[in-house]
Structure formats: structure tokens, C-alpha cells
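Residues per chain are reported as follows:
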Amino acid sequence: MKYAKLILILSSVLHIARAGEAELEALILRLNSDVIELRNEVESSIATRCDSIRGCLKSSYDECQSAYTELQSCPSESELGIVFTVCGAGSRCNGLIDYSVSTVRIPENLAQGPDRNPTNPAVIEDVCMTLPTQRWMVKKYWEEKTFWSSLGVARPQMYFGSDTGVFRIYPARQSEECGKYDPRTRPWYQAALPSTISNAVKPRRVIIMLDTSRSMGEKLNARSEQTKLSYMKQSVIAVLNTLSPNDSIAVIRFAEIPRLVNRPSQVPPYLWEKASKATVENIIDRVNALEVNGRSNWNDAFGFAFNLINNSLESNAALGDESYCDLENIAVLFFSDGEYNLPAGATDESVVSFVSAKVTETENMGDNHVHMFLYTLGHNDPSGVEKKISCAVDGYWKPVLQGTSPVNVTNGYQTLFSTPMGTDAFYNYTTWSNPYNFTSGRQGYTVSSLVYDRNVEPPRFEGAVGMDVSVDAAIRVFNGTLLETEDAIKRITRDITVQNYNTTCDQQRINLTKCEIQSIRHYAGGNAAVCIPEKTQTVSTTPATLPVPVLNATTNITVAPEVDGETDGLTDFISEEAADFFEDALNCSKAFVQPCPGYEEYPTNLWRNVEMKDLTYQERVCCEVGTNEPSDDCPKLDEVASTKISKTAIFGILFASLVVVEIVGCYFCFYVRKQRANT
């Protein structure tokens, strides 16, 4: 009998555990399918991006300046799952939410127009083209109310973060910090990037080369207070923060003598190392401490870098993964100002020849592919040696003068390494982040999917969509501890990945055509970065007696209007004249995004209103639960409520008082009777 009861108890526990895992799996599958639907909606909007411009004037809500609609509400903590702590405890006071619209957040460096409007055409397009997805978000939110209620979970937020830095989120709510949110730096976005998709994609090997010679201590440009060195540090740290622990990293500083930044006294053989959290943090500290000195020797620096690469490829310890795939995608990011002093007698041609030979040597060692990205800080001369190197090795060059956010400098690098994920093999791929802190203060998970413009070749990475669930909600659904819930999520998502994405080496190969390379060159570095063959002749139907234009590497091709003297790495449109040239001369027109008609007439005011401008966060968001407008009485109502005695407490006090009175009364009666008896 005793054992039968024990078996019954164990059976009940097992049944509850299985039910919890089944519900958690249902939650994961629903979020996976919903985020793919959201991805499809955004990609559909990208395909019709020009149509969205016409209705974009005064159509979106700014994160801090715009008042929302009359449909906004003030739900309690129990309804919303969030407490706006600046407003109160969430019972009588909380924050305003609008379930009928979305809101837009833009980093302050991209919102330089009046009323924090963006001025860059690519940023304007990202705001406008995502507006139609708002209808889908609202519809999906209300359609799935029953499903999420059955799990006892608040319906998830939905959002899109673009590679330009635009962020659209539903439902709409006010931001506490204005202009501070950049989706590209958030854990959910970085988890979605191809470098952090762990076992589904071969880990990348990243070599970063930093020129720290004396000239790097000069100002980035005449109008900047920032030096080339300080700007370079910010750009490199942004790259380091996108690496996953599966990736490998080596950061080399060089002037006259090259050294690993985090191992300056290391002896050969030099190797890259896994990008663990501790390693990356150590490298970031060392990068921040860099100072300029000496002259610049590029040949020694490139020699050091490629010796490190080759040594690492020959070292099982350095490779450090048990993948069946021998493919190696190696990124070399070279930062300098285009000036070298050593070795004596060095010329542009000798440097280009040296680097080309090193790339060829490495690629001949096996299934290795070296992708070089060269960043020239302080000038944009397309006849410089860094541009020449990029053209010689099928690499990518970007001039950096002003205006470009350090986070966005390496967009070409991210775009190139995202190309395999834009293929059919990964079409429905989703990624689950590790738990991280939401801006609301809670911890949670985000499931995300990459977004591409599939109208160009190769499909171009545009950003990522996400939907989230809090850690507390996941624990309730699974009915386990935090660690048990995390293990279950990893197990379920891993099984889904293994089942659906058993990819081959060829599906992970970055093997672009010449046109596709040109496309990413233009996207990353603008017009000047495109490599034109020196003896390319345009195809013409004109009589043979007319002169045929001959173009060389420095031929000027008109592109869309520049912003503050450069494209900011965001404007990837190309003019009709340039598109005609690429179609005729290189058969590459589909590799470029053409501007919408009326390109110079993009709206300059995107916000529906700015009625909340200059108000504090509390003035914008705090409300009394059950109302639909800000309240000056919050958080006072919750503060007063917290000092009051609840009905339950009052009942308890009265009951205790009655008991005390009864006891005292009984004692008094007993005492009186005793006294009478004694007399």
C-alpha cells in the first residue's frame, strides 16, 4: 500500500512535468511561427517601400514627443505584467499603453532634424516602410488573445530593428530615455545576427588590425573633436560586442611593430582564441587603453596577421570545434588612415602585391575564404592603397570622414556574413536569445528572425524582427525552476533546429558573384567603393563612329544625394544613370537598390504630433489604472494606498482585539469569583 501511494505520487509529478513541457513547447512553436509571419510582413513592406513614402508624412508616433490615440489605456500590473515603477506600484497607478498603434525609436545621432526627425533618406524609408506592418501587429495581438490567456501569459510585444538603427515596437508606450535606444546594440538583435547562430552556421574567425601610429592621433576631420584613434576604438568595440562564444577573435595593434592587444608579450606561434565573454571584455579593456606612437609598417602588420591565421588553421586547439565542415570564413578588418611609412621604399603597388600573395597563400591551404574589409579614417580618396587592396582581393573598402555612427561603420561586414542566412536553406530560421534585461526592467527571452530585401542579389540584410516572453511567464508555464526552464527552452529549440536545419557546407559558403561583391561594396562604402575594371567599355547602340567611353577605377558614378559629404553607410540607393551603367557594362543592375521616384522630396516630418515635447517621463506616461490619460495624482495614489490599512488587516485587528477582550473578561470573572470564595 505504501509503495502504491509513492508510485501514484511520482506518476502525478511526472504528469505535471510533461504537461508543463508540452505547454512550453506550444508557447515556443507559437512564437516561432508568429515571428516568421512578422518577418514576412516586414519583407512585403520592403518590396513595396516606394508606395509607403506617399502616406508617411505625419503618420508615426515618436517615442517621447507624441501623444497617442484616445484608445490608449492604463492597465494594472496584473493585466499588463509590467509595473511602471516611476508611476507607482501598479495597483492604482501604472503607465499608459496604446494597443491601436506602434511607436518609433531612433538613436539621437540619426534624429538631427526638427523635432527629432531623421534626415537620412535610408532612415526615413525604414520608418515609412514599416508603418504598414502596424495593421498586422494590431490584428495579430487581438486574434491570439485566447491562446495567450489559456497559458496565463501576457501577449508578447512585437518589434522590428533595422540595420540603420530604426526601431518600431507594438504596443506603443513612452520611452523613459529619449534617443538612447539603438536596436543594433541590444542582446536580442545581436543574438539574431548570423555570427551568433551557434551550431547552425560555421563560427566565423575575425582578425581586427588597428593602426596606432602617430597620425591616428589627429582629428577625424576639420569639424570633428574626435580623433581617428577614438573613433576607431568605438567602431571596433561595436564589432566585438556582436561576437558569440563560438567565434574566434584576434585583435592586432600595429605601428612599427605588430602585437596582439591582449597578449603583448606572447611568443610565436600566434593564434586566435575563442571569443568568450572574459576574452572579449579583456580585449575591450585593452583597446580602450590604446595610445598612438611611432610610424606605420603595413607589410609587417599584414605579415603578422596572416601568419596568425595560418598558424591557427593548422592548430586543432585554435580551431576548437568538431564541425563536420572544413569550410572557414575568415574576416580581416583593417583600420587605418591610409598612411604608411615603412618599410623603406614601399609603394602602393608593393603593398597590394604583398597582401594579395598572403590572401592567396591562405586560401590555397584548404577550404578557406578570406574576406577583407578596409576602413580609411579621415579621407575618401578612391585612388588610395586601401581601395586598391580591396579591388585586388575581392574585398570591401569604406571611407570614413564624418557623420557615420561607429556602430554602423562595419555594416558591410555584417551584411556579407549574413548572406547565407538569406538563402532558402535558412528561410524560416528563428533564434532564441539567452535571458536578458528588457528596458522595462524585467528579464526575458526574445525569439527573432532576420529580415532581408529579396529584390536584390544577393538578398540584403535589413535588420531583425522579434517577439518576447518574460522569464517569469516561461517559468509559470513550465512549472519549474529558472534553471529547469532555461534547460527546457534550450532543449526544445535545439531539437527544432536539428530537425529543420541540417545544413551542408555549401549552404554556408559565402561565394558571391562579381556583381554581388559590387553590390555589397556599394552598400558598405558608397559610390567610391565600387571597383570598375580599368578597360570596361559600355555597350552602346549608337553608331560606331561615336566615341566609346572608357572607365577606370576612379570613374565618377552619380549616386543618391550624400549626407554631410558622405553616405553615412546608410544610403544604398543608386541613380538611374549608374544603374544603366552597371546593367550595360557589368550586367549588375539587380545588385543595387534604386531610389524611389521623388527621392529628393521625402517627408521631413514623420511624427503625427509632438504634444508631449519637453514633458518629463512621469508627465507623459503616469496614469490612474482604468483611465486613458496622464494623471498628476500618480504616483501619489499608490503611495497613499500603501500607507492605508487593508480590509483584511482591519478584520484581523478587530478579531485579535475581541480575543484579547474575551481573555481579559474571563480572567476578571475568574478573579472576582476567587475573591468571593475567599471571603
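Residues numbered from 1 in each chain as written. Predicted model: local features only at pLDDT ≥ 70, side-chain atom pairs only at ≥ 80, totals over all residues. Heavy atoms only, no water.

The subject of this paragraph is the nonpolar core. Membership of the largest hydrophobic core comes to 49 residues, with the highest contact counts inside it found for Leu 27 and Trp 432. With nine residues, the top contributor of residues to this core is helix α1 (residues 2-47). Those residues in contact with Trp 432 that sit more than four places away from it in its chain are Leu 27, Ile 28, Leu 31, Asn 32, Tyr 445, Thr 446, Val 447, Val 469, Ile 489 and Thr 493. Formed by 38 residues, the second largest nonpolar core is a distinct cluster that contains Leu 229, Val 236, Ala 275 and Val 280. (Core = buried A, V, L, I, M, F, W, Y, C linked by side-chain atoms within 4.5 Å. Buried < 20%, exposed > 50% of the residue type's maximum accessible area, 1.4 Å probe, protein only. Helix = DSSP H or I, 4+ residues; strand = E, 2+ residues; numbered from the N terminus. Contact = heavy atoms within 4.5 Å.)

This part covers the layout of surface pockets. Computed from the structure, the second largest pocket encloses a volume of approximately 690 Å³. In this structure, the second largest pocket is lined by 30 residues; those nearest its centre are Glu 79, Leu 80, Gly 81, Ala 154 and Arg 155. Taken together, the elements giving at least two residues each to the lining of the second largest pocket come down to α3 (77-80), α5 (133-143), α6 (145-151), β15 (460-470) and α15 (471-478). Split into classes, the residues belonging to the lining of the second largest pocket amount to 15 nonpolar, seven polar and eight charged. (1 Å grid on protein atoms, 1.4 Å probe; cavity = no way out; pocket = protein on both sides within 12 Å on 5 of 7 lines; lining within 4 Å. Points joined across faces, edges and corners; volume = space filled by probe spheres on them. Nonpolar A, V, L, I, M, F, W, Y, C, P; charged D, E, K, R; others polar.)

The next subject is α15. Buried within α15 are the following residues: Val 471, Ala 473, Ala 474, Val 477 and Phe 478. Axial view of α15: buried residues confined to an arc of 160°, hence all on one face. Exposed residues on α15 whose side chains face more than 90 degrees from its buried face are Asp 472 and Arg 476. Just downstream of α15 lies Asn 479, where phi reads positive at about 65°. (Arc of directions from axis to C-beta.)

This part is about the pairing of strand β4 (residues 167-170). Going residue by residue along β4, you find Phe 167 and Ile 169 tucked away on one face and Arg 168 and Tyr 170 tucked away on the opposite face as well. With three bridges connecting them, strand β2 (residues 103-105) and β4 associate as antiparallel partners. Note that in β4 the partner of Thr 103 across the bridge is Ile 169. Bridging between strand β3 (residues 158-162) and β4 involves four bridges; their strand directions are antiparallel. Looking at the pairing, Met 158 lines up with Tyr 170 of β4. As consecutive antiparallel partners, β3 and β4 are separated by four residues, and within that stretch Gly 165 has a phi angle of approximately 110°, a positive value. (Pairing = 2+ DSSP bridges.)

Let us now look at the packing of helix α14 (residues 411-418) against helix α18 (residues 514-525). In the contact formed by α14 and α18, the axes pass within 8 Å of each other and the chain directions differ by 150°. Between α14 and α18, the angle is such that the two are roughly antiparallel. Note that α14 runs across α18; the crossing there is right-handed. Residues Asn 411, Gly 412, Thr 415 and Leu 416 of α14 form the contact with α18, whose own contacting residues are Ile 520, Tyr 523 and Ala 524. Taken together, the residues of the contact of α14 with α18 sort by class into four nonpolar, three polar and no charged. (Axes fitted to C-alpha atoms, helices over the stretch in contact; angles between N-to-C directions. Parallel < 35°, antiparallel > 145°, perpendicular 65-115°, else oblique. Left-handed = near helix turned anticlockwise from the far one by under 90°.)

Our focus in this paragraph is the packing of aromatic side chains. Counted by the stated rule, this structure contains 25 aromatic pairs. Aromatic pair Tyr 61 and Tyr 68: ring centres 5.7 Å apart, planes at 70°, arrangement edge-to-face. You'll find Tyr 61 and Tyr 68 in the same group, each marked buried. Through pairs of rings, three or more aromatic residues link up here, namely Tyr 159, Phe 167, Tyr 181, Trp 188, Tyr 189, Tyr 452 and Phe 461. Sitting over the face of the ring of Phe 147, Arg 30 holds its NZ or CZ atom 3.9 Å from the ring centroid. In this arrangement the basic side chain of Arg 39 is found over the ring face of Tyr 427, its NZ or CZ atom lying 4.3 Å from the centre. (Phe/Tyr/Trp six-rings, centres within 6.5 Å; stacked < 30°, edge-to-face > 60°. Lys NZ or Arg CZ within 6 Å of the ring centre and 35° of its normal.)

This part is about the state of the cysteines. Going through the model one piece at a time under the given rule, you end up with six disulfides. Paired through a disulfide, Cys 74 and Cys 623 show a sulfur-sulfur distance of 2.0 Å. Taking the sign of the torsion about the S-S bond as the criterion, the disulfide between Cys 74 and Cys 623, at about 85°, is right-handed. Residue Cys 74 is located in the loop between α2 (49-54) and α3, and its partner Cys 623 is located in strand β18 (residues 622-624); the two are separated by 549 residues in the primary sequence. (Disulfide = S-S within 2.5 Å.)

For the rest of this paragraph, the subject is the pattern of salt bridges. Across all of its chains, the model carries 24 salt bridges by this definition. Residues Glu 125 and Arg 49 are paired through a salt bridge, measuring 2.7 Å at the closest nitrogen-oxygen approach. With Glu 125 in helix α4 (residues 121-129) and Arg 49 in helix α2, this residue pair connects regions lying 76 residues apart in the sequence. The shortest N-O distance in the salt bridge between Asp 348 and Lys 388 comes to 3.5 Å. One end of the pair, Asp 348, is in helix α12 (residues 348-363); the other, Lys 388, is in helix α13 (residues 385-392), and 40 residues separate them in sequence. (Salt bridge = Lys/Arg side-chain N within 4 Å of Asp/Glu carboxyl O.)

Before going further, it helps to spend a moment on the environment of Arg 39. Turning to its location among the elements, Arg 39 is positioned in helix α1. Overall, Arg 39 belongs to the buried group, its relative accessible area being 1%. For the pair Arg 39 and Leu 450, spaced 411 residues apart in sequence, the C-alpha separation works out to 7.3 Å. Each residue touching Arg 39, except ones within four places of it in the same chain, is listed here: Tyr 427, Asn 428, Ser 449, Leu 450, Val 451, Arg 454 and Val 465. A distance of 3.4 Å separates the side chain of Arg 39 from the side chain of Asn 428, its partner in a polar contact. (Polar contact = N/O pair within 3.5 Å; in protein donor to acceptor, adjacent residues only side chain to side chain.)

Let's shift gears to α14. Counted residue by residue, α14 has eight buried out of eight residues, so it is predominantly covered. The set of residues buried in α14 consists of Asn 411, Gly 412, Tyr 413, Gln 414, Thr 415, Leu 416, Phe 417 and Ser 418.

With respect to the element layout, Thr 419 can be found in the loop between α14 and β12 (431-432). Among the polar contacts listed, one links the side chain of Thr 419 to the backbone oxygen of Leu 416, at a separation of 2.7 Å. Each residue touching Thr 419, except ones within four places of it in the same chain, is listed here: Pro 458, Ile 510, Leu 512 and Ile 520.

This paragraph deals with the side chain of Thr 430. In this structure, Thr 430 sits in the loop between α14 and β12. For Thr 430, a relative accessible area of 14% corresponds to the buried category. For Thr 430, the side chain forms a polar contact with the side chain of Asn 32, separated by 3.2 Å. Thr 430 has contacts with Asn 32, Val 35, Ile 36, Val 447 and Ser 448, leaving out every residue within four places of it along the chain.

Our focus in this paragraph is the pairing of strand β10 (residues 368-377). Across the ten residues of β10, ten count as buried, placing the element largely inside the fold. Side-chain alternation along β10 places Asn 368, Val 370, Met 372, Leu 374 and Thr 376 on one buried face and His 369, His 371, Phe 373, Tyr 375 and Leu 377 on a second face that is also buried. Taken together, the nine bridges between strand β9 (residues 328-336) and β10 define a ladder with parallel strand orientation. Following the sheet pairing, Leu 333 is matched in β10 by Phe 373. In this region the chain leaves β9, passes through α12 and returns to the parallel neighbour β10; the handedness of that crossover is right-handed. Where β10 lies against strand β11 (residues 396-400), five bridges are found, and the strand directions are parallel. Counted as the bridge partner of Leu 377 is Val 400 from β11. Crossover β10 to β11 through α13 is right-handed. (Right-handed = clockwise from strand over helix to strand, strands pointing away.)

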